[in-house]
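Here is what each chain is made of, one letter per residue.
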Amino acid sequence: MSFSAVASSPPPPGLAPSLLIERPEHARAVEVLVDRAFGPGRFAKSSERLREGNHKLDDCSFVALHEGRVIGSVRLWPVTVGGQPVAFLGPLAVDADERKHGLGQALVEAACEAAAKAGWRAVLLVGDAPYFGRVGFSAAPAARAVMPGPADQRRVLVKALVEGGDQGLVGPIRIR
Ligand SMILES: CC(C)(COP(=O)(O)OP(=O)(O)OC[C@H]1O[C@@H](n2cnc3c(N)ncnc32)[C@H](O)[C@@H]1OP(=O)(O)O)[C@@H](O)C(=O)NCCC(=O)NCCS
């Protein structure tokens, strides 16, 4: 399936899903979607420590809308790694009935593109390498970026947005 280009307003009903910058009126639907995707344990994750008390990057967080319904979401957050500012991605969620059409990948790509335009050097996340490897994330240099709490460090992945943007990311990951 192809998605209409990042839009500033919702598409008319009946069209393919559209990606647009998340707005305050989407927040409730995003919470419901993410709760369904991750379950009640989501607040115990170390990633959550980088989100609570932080403010998402409004210009880099997207929803997928279909006929007015939020069916996908990705958010980015400002953090530092050993003092270097990078964007932290998550949660990424797609409605269970809408998966395997490329929407998750399209959301990650839209968020990374927006982060590059906004001047971020790299995007960091905790996730599955087989999935995020498809959109340019890799584990190797991120292994020395340390999550604030229990985490499988092999799942800390990074994508450079500028030449060498994934280098030198060594130290604790903290809210910026
Ligand atoms: C992960 C998720 C966002 C993918 O959304 P999606 O719209 O289905 O993604 P895409 O269509 O771009 O990609 C689907 C492909 O990725 C694969 N995939 C999905 N999750 C995967 C994972 N954790 N590891 C490896 N592959 C995975 C699917 O099997 C599918 O493979 P195929 O193309 O060979 O059929 C969605 O499954 C979801 O919301 N899951 C629950 C929340 C979650 O795990 N979020 C990611 C961690 S932050």
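Residues numbered from 1 in each chain as written. Predicted model: local features only at pLDDT ≥ 70, side-chain atom pairs only at ≥ 80, totals over all residues.

Regarding the overall build of the chain
For step 1, the next point in the chain: Scanning the chain from N- to C-terminus turns up four helices and nine strands.
For step 2, the next point in the chain: Reading the secondary structure of the chain in the N-to-C direction produces β-β-α-α-β-β-β-α-β-α-β-β-β.
For step 3, the next point in the chain: Taking all 176 residues of the chain together, 35% fall into the buried category. (Helix = DSSP H or I, 4+ residues; strand = E, 2+ residues; numbered from the N terminus. Buried ≥ 20, exposed ≤ 12 C-beta atoms within 10 Å, placed from the backbone.)

A short note on the site of the ligand
For step 1, the next point in the chain: Around the ligand, a shell composed of 18 residues is seen, among which Arg99, Gly104, Gln105, Asp128 and Tyr131 lie nearest.
For step 2, the next point in the chain: Secondary-structure elements contributing two or more residues to the shell around the ligand are α1 (27–38), β5 (84–94), α3 (103–117) and α4 (129–132).
For step 3, the next point in the chain: A total of five residues in the shell around the ligand trace back to one element, the largest contributor, which is β5.
For step 4, the next point in the chain: Of the residues that constitute the shell around the ligand, the class distribution is nine nonpolar, six polar and three charged. (Near = placed C-beta within 6 Å. Nonpolar A, V, L, I, M, F, W, Y, C, P; charged D, E, K, R; others polar.)

Remarks on α3
For step 1, the next point in the chain: For α3, with 15 residues, the first-to-last C-alpha span of 21 Å sits near the 21 Å given by 1.5 Å per residue.
For step 2, the next point in the chain: Considered for burial, the residues of α3 that qualify are Leu103, Gly104, Ala106, Leu107, Val108, Ala110, Ala111, Cys112 and Ala115.
For step 3, the next point in the chain: Count one or two residues on from α3 and you reach Gly119, which has phi positive near 95°. (Expected span 1.5 Å × (residues − 1).)

Comments concerning α1
For step 1, the next point in the chain: If you check α1, its first and last C-alpha atoms are 16 Å apart, about what twelve residues at 1.5 Å a residue would give, namely 16 Å.
For step 2, the next point in the chain: Residue Gly39 follows α1 closely and has a positive phi angle near 75°.

Topic: the pairing of strand β3 (residues 62–66)
For step 1, the next point in the chain: Among the five residues of β3, five are classified as buried, and the element is accordingly described as predominantly covered.
For step 2, the next point in the chain: Burial of the side chains of β3 extends over both faces: Phe62, Ala64 and His66 are buried on one face and Val63 and Leu65 on the other.
For step 3, the next point in the chain: Pairing of strand β2 (residues 18–21) with β3, which is carried by four bridges, proceeds in the antiparallel orientation. Residue Ile21 lies in a different strand from β3, and its bridge partner there is Phe62. (Pairing = 2+ DSSP bridges.)

Digging into unusual backbone geometry
For step 1, the next point in the chain: For the bond from Gly90 to Pro91, the omega torsion is -10°, close enough to zero to count as cis.
For step 2, the next point in the chain: Considering the arrangement of structural elements, one finds Pro91 in strand β5.
For step 3, the next point in the chain: The phi angle at Glu67 is positive, at roughly 50°, despite the residue not being glycine.
For step 4, the next point in the chain: Examined against the element boundaries, Glu67 turns out to sit in the loop between β3 and β4 (69–81).
For step 5, the next point in the chain: Backbone geometry places Lys100, a non-glycine residue, at a positive phi of 70°.

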